[in-house]
Each structure stands twice: as C-alpha cells, then as structure tokens.
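# Remarks on the overall topology
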Amino acid sequence: MKDFASMDDILEKFTHIRLATEEDNEEILEFYNNESMQTGEESISFARTPDFFNFYKLSSKKYWLFIFLNKDQSIGGVGGVLRHERFVNGKLKPLAYFCDLRISNSASRIAKVQWRKFFPEIINILPKLGPDEYCESAYTAILADNEAAINSLTKGGRGITYRFLGKYHVHSYINTGFLKSKKFYAQDISQDEFLRFYKTENSEKFLCEDPIQTIKEISKYSTPVSFVGVYHQGKIIAALRPVLKNQTRRIKIQNMSKSKVMATNGLKLLGRPTPSKQGELSILDLSFLSYSSHLELEDKKLVLEAIQLWIERNKLLKDIHIINMTDTSDIIPSSPLERGINFVTPGHLYEIHPEEQSGILPTSQFRFEGAFL
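My aim in this report is to walk through the structure given alongside it, one point at a time. If you're wondering where the values come from, they're calculated on a predicted model, not measured in any experiment.

What follows concerns the overall build of the protein chain. A tally of helices and strands in the protein chain yields 9 helices and 15 strands. Counted over contacts in the protein chain with a minimum sequence separation of 6, partners at least 24 positions apart contribute 78%.

Here the focus is empty space enclosed by the protein. Applying the stated rule across the entire model yields 1 cavity of 30 Å³ or more. In this structure, the largest cavity is lined by Ser 59, Arg 86, Glu 209, Phe 368, Glu 369, Phe 372 and Leu 373. Grouping the amino acids of the lining of the largest cavity by side-chain chemistry returns 3 nonpolar, 1 polar and 3 charged.

One finds Phe 194 and Leu 349 to be the most contacted residues of the largest nonpolar core, which totals 58 residues. Broken down by element, the residue count for this core peaks at 5 residues, all from strand S5 (residues 75-88). Once residues lying within four places of it in the same chain are set aside, the contact partners of Leu 349 are Tyr 139, Thr 140, Ala 141, Arg 163, Phe 164, Leu 165, Gly 166, Tyr 168, Phe 206, Leu 207, Phe 366 and Phe 368.

As a further point, take the environment of Ser 226. Here Ser 226 is to be found in the loop between helix H7 (212-218) and strand S10 (227-232). For the pair Ser 226 and Leu 240, spaced 14 residues apart in sequence, the C-alpha to C-alpha distance is 9.3 Å. When residues no more than four places from it in sequence are discounted, the contact partners of Ser 226 are Asp 188, Pro 242 and Trp 310. Reaching out from Ser 226, the side chain makes a polar contact with the side chain of Asp 188 at a distance of 3.1 Å.

The next point concerns the packing of aromatic side chains. The tally for this structure, following the rule as stated, stands at 24 aromatic pairs. Note on Phe 14 and Phe 118: the rings are 5.4 Å apart at their centroids and 85° apart in plane angle, and the pair reads as edge-to-face. Pair noted here: Phe 14 is in the loop between helix H1 (7-11) and strand S1 (17-19) and Phe 118 is in helix H4 (residues 109-125), with a separation of 104 residues, a long-range link. Phe 118 matches Phe 14 in its accessibility class, with the two residues each being buried. Ring geometry for Phe 52 against Tyr 56: centres 5.7 Å apart, planes inclined by 80°, an arrangement best described as edge-to-face.

Scanning the model with the defined rule gives 17 salt bridges in all. In this structure, Lys 93 and Glu 136 form a salt bridge, with 3.9 Å as the shortest nitrogen-oxygen distance. Remark: Glu 136 occurs in the loop between H4 and strand S7 (137-143) and Lys 93 occurs in strand S6 (residues 91-103); sequence separation between them is 43 residues. For Arg 339, the salt bridge identified is with Glu 305, shortest N-O distance 2.7 Å.

The next point concerns helix H6 (residues 191-202). Over its 12 residues, H6 extends 16 Å from the first C-alpha to the last, a length consistent with the 16 Å expected when each residue adds 1.5 Å. Here H6 has its buried residues at Phe 194, Leu 195, Phe 197, Tyr 198, Glu 201 and Asn 202. On the buried face of H6, the contacting elements are strand S9 (185-189), H7, S10, strand S11 (235-244) and strand S13 (283-291).

Glancing now at the pairing of strand S8 (residues 160-173). With respect to burial, S8 is a largely interior element, 10 of its 14 residues being buried. Direction of pairing for S8 relative to strand S15 (residues 342-354): antiparallel, over a ladder of 13 bridges. Bridge pairing in S15 places Val 170 opposite Thr 345. Sheet topology note: the S8/strand S14 (residues 322-327) ladder contains 5 bridges and is antiparallel. Looking at S14, one finds that Tyr 173 is bridged to Ile 323.

Of the consecutive residues Thr 49 and Pro 50, the connecting peptide bond is found in the cis state with omega at 0°. With respect to the element layout, Pro 50 can be found in the loop between strand S3 (42-47) and helix H3 (54-59). The phi dihedral of Gln 233 falls on the positive side, at around 55°, and the residue is not glycine. Here Gln 233 is to be found in the loop between S10 and S11.

Summarising the element assignment, Arg 249 is placed in the loop between S11 and strand S12 (250-254). A polar contact of 3.4 Å, which involves the side chain of Arg 249, links it to the backbone oxygen of Ala 371. In this view, Arg 249 contacts Phe 46, Ala 47, Arg 48, Phe 55, Gly 370, Ala 371 and Leu 373; residues no more than four positions away in its chain are not counted.

This part covers the environment of His 84. Mapped onto the fold, His 84 is located in strand S5. Judged by relative accessible area, His 84 falls into the buried class, the value being 0%. For the pair formed by His 84 and Ser 59, sequence separation is 25 residues and the distance between their alpha carbons is 7.1 Å. Ignoring any residue separated from it by four or fewer positions in sequence, one finds His 84 in contact with Ser 59, Ser 60, Lys 93, Pro 94, Leu 95, Tyr 97, Tyr 139 and Leu 373. One polar contact links His 84 to Arg 86, side chain to side chain, over a distance of 3.4 Å. There is a polar contact of 2.9 Å between the side chain of His 84 and the side chain of Tyr 139.

A word on the sheet that holds S5. Strands belonging to one sheet form pairs held by backbone hydrogen bonds; the direction of such a pair is parallel or antiparallel. Sheet architecture is open: 12 strands sit in the order S1-S4-S5-S6-S7-S15-S8-S14-S13-S11-S10-S9, paired in mixed fashion. Two strands bound the open sheet, and with one partner strand each, they are S1 and S9. When strand polarity is set aside, the average angle formed by the axes of neighbouring strands in this sheet is 30°. Both S5 and S6 contribute to a ladder of 11 bridges, which runs antiparallel. Within S6, the position partnered with His 84 by the bridge is Leu 95.

Conventions used here
Residues numbered from 1 in each chain as written. Predicted model: local features only at pLDDT ≥ 70, side-chain atom pairs only at ≥ 80, totals over all residues. Heavy atoms only, no water. Helix = DSSP H or I, 4+ residues; strand = E, 2+ residues; numbered from the N terminus. Contact = heavy atoms within 4.5 Å. 1 Å grid on protein atoms, 1.4 Å probe; cavity = no way out; pocket = protein on both sides within 12 Å on 5 of 7 lines; lining within 4 Å. Points joined across faces, edges and corners; volume = space filled by probe spheres on them. Nonpolar A, V, L, I, M, F, W, Y, C, P; charged D, E, K, R; others polar. Core = buried A, V, L, I, M, F, W, Y, C linked by side-chain atoms within 4.5 Å. Buried < 20%, exposed > 50% of the residue type's maximum accessible area, 1.4 Å probe, protein only. Polar contact = N/O pair within 3.5 Å; in protein donor to acceptor, adjacent residues only side chain to side chain. Phe/Tyr/Trp six-rings, centres within 6.5 Å; stacked < 30°, edge-to-face > 60°. Salt bridge = Lys/Arg side-chain N within 4 Å of Asp/Glu carboxyl O. Expected span 1.5 Å × (residues − 1). Pairing = 2+ DSSP bridges. Axes fitted to C-alpha atoms, helices over the stretch in contact; angles between N-to-C directions.

The values are spatial; any link to function lies outside them.
The structure is reproduced here in structure tokens:
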C-alpha cells in the first residue's frame, strides 16, 4: 500500500492527458506561440524560445506541465503547476502556482472534456502527494481582463473555486520623465547588502520567497545588471535586483492600443528601439523592489524617480522598450512629467480550492515578483 498519492494516480484516469518532457519542447512552443491572453482589445503572448521549461526553473525546483491531447494526439492544451515555497502566516509553506493554462478554441472535444475534469482532480490530490511534492494550497495570478482564464475551469460549476485574494498592478514605463526629484539617490550595492535589506523588510509577508534561487537562475538568462540600493542621508530605504532582457519569457503585444502605438513609435525619435513587427518588447524588470516599512506613498514615488535616474546614468534605456514594475500594495500614481509615460495593467490574485471546501490562504497584503509568474 502506498503512503502517498502521485500524479500518476490521476493520469491513469485520463486517456488524453500526459506529463510533458523535454522532448516535447518544440511542439509545446509551436502550440504556445499561437495562444494569447486578452487584455481588453489587446492580446498579450509570450515568446519562450528556445526552451519552454527554462522559465519554470527560475522559481521552482519541482514543476509539472500537463499536455492535453487532441483526438489525433496533437497538442490541444497545456497547463503548468509549479511548486513554490512561500511565506504563509509567517512560515514557509509549499504552494502550487498554476500558470500557462491554455486550451485552444480548436481543440478536439476529448481534449476540452478532459481539461474540465482534470483540474479538480489535481486540486484535490496536491495535499496528498509525497514530502517533496505536496502543496498545502494553490494560487494563481491573472490579468484582470483575462476572465476567460477563470471561465475555462469554473464556468458552470466544475468543482473548483477561484477565491479572490487581492489586486496587483503592472506598471509599464515608456520613458523616465523630466522633473524627477533628487531627494533620494540610487547606487550599486552587493548581493549581500541587497539580501539583508530584502529579508529584513519582507521575510514574513504573505507569498514572499527566498530569492536566492531565482537570482541565481535569472543571471544565466539575462544581461548582467548590478543590485541597486536607494538611500536617504546615508541610510538604505529601498533595494531591487533589476533584470534586463529576461530571455526565458519575452512579452509580445498584438493589436496594440492607439495610445501605446503613438508612445512606442516616438521612441525612435529618442534613439531607442521600437517594437518588432511581431510585437516583441525588450524589457527592464524592476524585480524584487522592496521599500522600508516606514515609507509613505509620496516617498515611494521619489524612490522610483531615484531608480529612473540610476537607469539613465547607466544608459539602459537605449536597449529597451519599457520598464516594468509589479506593484502589490500602493498604486504609484502616473505622472508623465515626473516619472514618464506609464501604462497600468491590473491583475487579480486568487486561491484555487475545491468547490466543497473553504480556502486557507490569507487575504492580507501580499508580495510577489510579477516578472517570474
């Protein structure tokens, strides 16, 4: 008699679902490149070449990617589950992060039927897996306008509840503004200095992680950039690890809004690149951005302006289209003159749990790194 459940226990029940392997990489990429997420009139997709799995390895030592097969055995859908260790109520807990949930509109009926039946089974078995695989609960982050991602699993009562936990915002800065404050200043710092500050300010916040693995892995797949500290009167008040050109996942935007087209076309007048014909963007992610707990919103705005001055000094704008920052607490107000042209994409955080059970994750303030989810 087995002591623990396994994913094989579920897969035995489904004729058209299997775990992906490295040998499936090219076929997965071909499928994934044809799928996108809707955000209003725009659609966002991600380039994951040359290795689809590299993005998972940034934040997880254990992950599962499920392939949903059409009647002819071609790929009709995919679904990723990453095992994350995150702080919950002050303690590190294993949680399942659901991502890359894609079922094609042209998928065969068998793939769609098994897609709907499969995820309730996964949610139920996660707490029953072995000590290196079990997850106490599951969560996901979804762009606010991408309700199709939720409906594909929950519409019509399919055994899963998406319980709302909170909002986040992705700020995308086209430029860095002209009237930035110099009250604070940013400078390069060591990894040890960054980690000390990060752990002091975040170590017990809901969904906070130990960033060592992600920092180590992302260094293999991005352009080298130093850690940055923001100071006031000689005291560090914020820190971050910028990531320049993350090659494991690049953003592509189709049907770009007129305002964004005008803003990005104006970049060439400043000697900066414009998006490719495929809509792929070159990005600088302000990852692991952390503030001193005493800072008010007004000071956080000035921290961002100090970071933008650091970006300008290091001449990073010449190689990028946008600067991305994920905000999980205060919403930094837009100011074209002070902080540049800024487009904001809202998102929602959800716990996923069986329909007949209650959720266990807190609805307190959370933090995560949007560039790696």
